[in-house]
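# Survey of secondary and tertiary structure
If you want the building blocks of each chain, they are given just below.
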Protein chains: 2
Amino acid sequence: MTSSSTAPTQSSSLLVTGTIGIDTVETPTARAERVLGGSAAYFAAAASRLAPVRLVGVVGDDFPAQHRALLEGLNSVDLRGLETRAGGKTFAWGGKYLLNMNERETLFTELGVVAEAPPKVPAAFADSSLVFLGNTHPAVQTQLLEQIPQRKLAVADTMDLWINVAHDELVHLLSKVDGIVLNDSEAAHLTGVRNAVSAGRRILGYGPKFAVVKKGEHGAVLIHRDGVAVVPAFPAEEDMVVDPTGAGDTFAGGFMAHLARTGRTDFETLQTALSWGTVMASFTIGAFSLDGVKRASAADLEARYKTFARHARV
Amino acid sequence: MTSSSTAPTQSSSLLVTGTIGIDTVETPTARAERVLGGSAAYFAAAASRLAPVRLVGVVGDDFPAQHRALLEGLNSVDLRGLETRAGGKTFAWGGKYLLNMNERETLFTELGVVAEAPPKVPAAFADSSLVFLGNTHPAVQTQLLEQIPQRKLAVADTMDLWINVAHDELVHLLSKVDGIVLNDSEAAHLTGVRNAVSAGRRILGYGPKFAVVKKGEHGAVLIHRDGVAVVPAFPAEEDMVVDPTGAGDTFAGGFMAHLARTGRTDFETLQTALSWGTVMASFTIGAFSLDGVKRASAADLEARYKTFARHARV
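Residues numbered from 1 in each chain as written. Chains lettered and ligands numbered in written order. Predicted model: local features only at pLDDT ≥ 70, side-chain atom pairs only at ≥ 80, totals over all residues.

### Description of the overall build of chain A
- The secondary structure content of chain A amounts to eleven helices and 13 strands.
- For a compact globule of 314 residues, the expected C-alpha radius of gyration is about 20 Å, and chain A comes in at 18 Å, within 12% of that figure.
- Each principal axis of the C-alpha distribution contributes one length, and for chain A these read about 50 × 45 × 40 Å.
- Residues classed as buried in chain A amount to 55% of the 314 residues present.
- Pairs at least 24 apart in sequence give 67% of the contacts found in chain A among residues at least 6 apart. (Helix = DSSP H or I, 4+ residues; strand = E, 2+ residues; numbered from the N terminus. Rg over C-alpha atoms; globule rule 2.2 N^0.38 Å. Buried ≥ 20, exposed ≤ 12 C-beta atoms within 10 Å, placed from the backbone. Contact = placed C-beta atoms within 7 Å.)

This is how it looks when you write it as structure tokens:
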């Protein structure tokens, strides 16, 4: 396959693998039924605001036409890696947020095609230089990674489940990637160390150059061989938070896309990338599904970044 | 009483009221027995690194000579407001930190003289322009405040107990002060709003110009009529944390002292003051009692500030 008019060709091409799903979300005041979600969808919606993105994922042939249209409507997202599997069921997730919007219950998870063979990375994407491996079984993440031999920097997301049931595969993955993104509770679980900076430091012992420990409403910490950076979350008021779903994925999207558009992966650039991740997450929580990052104008993004920099000046 | 050679005479003279106590602290790896503590002692030790401080507090005649010598050894702390009450017992507190160093149990509290009549503000301190009212009954805080009629800015600390048993007096105090400093759980308790920014906004409805909501290891948020500022905690590694006692009091000390030395109380100055509070707290947690802030050299303070600014750049 040769490049089409929509295919990005720049050197720091960014690829994301992860879920494309159908989410049903309840909050104390509202409900969204079967809306577009999934880690790769959220990531791509955010990242594509800053740089072109190549998406690798799989849906079933039940994937709603309007959701496909939403993905196709995202500028700068190359969907040649989106596989539609005949007879398969699309990943679906249901969650409910409690009154404080910081705790949630998972109501159901229907893995569908996500439990089957992973999608293939198209040949046209094999030259991607920046790779984000959305959360899935670490052995699958490793397989996906091996299909992108020219990568300059690979970052993986993970979760508690894999720390429990696939610890060795996760440790192996950590020896192959440049960075890992995980929650503070997951970092503590993986290392046995509760302090986020010290937990991150331990994780570097497994091989990656850096770890990003996400603390939700409390921001994030970057622990890197070359330094430590800490960023608060955007100081959102209560009525600004409509639906926190996807905040972590869009944080990762903003983070990686800043690397892609600058073509740099040094510590200083990673530090600034944390702020772009924060900006993207602040839009995501303001609406259901991808709406928050989608409807923000380029001027809105720039203005929010400036507002954040003013709020968080030290 | 006329000014002595040790009495600060600058216009933004800073006064603190609060406890002077004897602390016994257990951590998972160490123990400190009957060391100098108390909110005003911690505050003064930190603040005096940046600006002269006038201390108002009361101890019993059992107050150990070596603790008095420690207070007298603090440069730029004016102790003319330290009352030694005959026959009284000095405030004593015992606490134990759990393995993660972020949760603690109070083992005992012996109020002693703190449960009796509050100390008087000496006439020589009545012209103080910046006032910090350490945590005590809000009616007592109001009484103390009334003795400092020329104040330019007054800030109070409070705690859950007073929200429960002296809610009306606390609301009255809030109508008299310019700022309030409290923990995130206390802000939520006072307002019924969990989101720190929104809770702070509600508190401004009681009268103060600003609220500082402290989040411990997650930093602090300043909610001010003129803006919002958010600051992470210093990204301390696990082995840097020896004893968190006094972190909040030294945070307040660094915060207020930055206002005192600049002679300014505008939003921008308050925002920078958050970082100086953070720097002071980062030294406090590194040792028992006042040792952390006491032994840091002026160069150490400047270097830590620069390190923090580098870590927390957005």
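Having put the structure on the table, let's press on.
### Some details on the relation of the copies chain A and chain B
- Turning chain A through 180° and shifting it by 0.0 Å along the axis lays it on chain B, with an RMSD of 0.0 Å. Here the copies are linked by what is in effect a two-fold axis.
- Mapped onto chain B, 100% of the interface residues of chain A are again interface residues, and the two copies thus contact each other with one and the same surface. (Least-squares fit on C-alpha atoms with pLDDT ≥ 70 in both.)

### Section: the environment of T158 of chain A
All names here are of chain A.
- Checked against the element boundaries, T158 lands in the loop between β9 (153-157) and α4 (160-165).
- The buried category is assigned to T158, around which 25 C-beta atoms lie within 10 Å.
- Excluding residues within four positions of it along the chain, T158 makes contact with N135, P138, L170, I180, L182 and E186.

### As for helix α7 (residues 196-204) of chain B
- Among all positions of α7 of chain B, only A196, V197, S198, A199, G200 and I203 of chain B are buried.
- Check the buried side of α7 of chain B and you find it contacts α5 (167-174), β10 (179-183), α6 (184-191), β11 (210-214), β12 (220-224) and β13 (227-231) of chain B.

### Structural notes on the interface of chain A and chain B
- Taken together, the contact between chain A and chain B spans 28 residues of the former and 28 residues of the latter.
- At the level of elements, α7 (196-204), β13 (227-231), α9 (267-284) and α11 (298-311) of chain A are the ones that each hand at least two residues to the side of chain A that touches chain B.
- Looking at the side of chain A that touches chain B, its residues break down into 14 nonpolar, eight polar and six charged. (Nonpolar A, V, L, I, M, F, W, Y, C, P; charged D, E, K, R; others polar.)

### Some remarks on the pairing of strand β9 (residues 153-157) of chain B
Residue and element names in this part refer to chain B.
- Counting buried residues along β9, five of its five residues qualify, which places the element largely inside the surrounding structure.
- Here β9 shows no split at all, with L153, V155 and D157 on one side and A154 and A156 on the other all buried.
- By the bridge criterion, four bridges tie strand β8 (residues 130-133) to β9 in an arrangement that is parallel. Across the sheet, V131 pairs through a bridge with A154, a residue of β9.
- In terms of handedness, the path from β8 via helix α3 (residues 138-146) over to β9 forms a crossover that is right-handed.
- Bridge count between β9 and β10: three bridges; the pairing is parallel. Looking across to β10, one finds that V155 is bridged to G179. (Pairing = 2+ DSSP bridges. Right-handed = clockwise from strand over helix to strand, strands pointing away.)

### Concerning the sheet that holds strand β3 (residues 31-37) of chain B
Residue and element names in this part refer to chain B.
- Strand order across the open sheet formed by four strands is β3-β2-β6-β7, with mixed pairing between neighbours. At either margin of the open sheet sits one strand with a lone partner, and together these are β3 and β7 (104-110). Each neighbouring strand pair of the sheet contributes to a mean axis angle of 20°, computed without reference to strand direction.
- Relative to β7, strand β6 (residues 91-97) runs antiparallel, the two being bridged by six bridges. For G95, the partnering residue across the bridge sits in β7 and is T106. (Axes fitted to C-alpha atoms, helices over the stretch in contact; angles between N-to-C directions.)

### Re the sheet that holds strand β1 (residues 14-17) of chain B
Residues and elements named next belong to chain B.
- Reading across the sheet, the nine strands line up as β5-β4-β1-β8-β9-β10-β11-β12-β13 and stay open at both edges, with mixed pairing between neighbours. Only two strands of the sheet have a single partner each, and these edge strands are β5 (77-85) and β13. Taken pair by pair, the neighbouring strands of this sheet meet at an average axis angle of 15°, ignoring direction.
- Two strands pair when backbone bridges link them, and strand β4 (residues 53-60) and β5 are joined in this way by seven bridges, in the parallel orientation. Following the sheet pairing, G57 is matched in β5 by L82.

### Details of unusual backbone geometry
- The phi torsion at R34 of chain A lies on the positive side, around 50°, for a residue other than glycine.
- Among the structural elements, R34 of chain A can be located in strand β3 (residues 31-37).

### Describing the confidence of the model for chain A
- For chain A, the mean per-residue pLDDT works out to 94, and 96% of the residues sit at or above 70.
- Contacts for the low-pLDDT stretch residues 1-10 of chain A, under 50 throughout, to residues beyond four places or in other chains number 14 contacts. (pLDDT = per-residue confidence, 0-100.)

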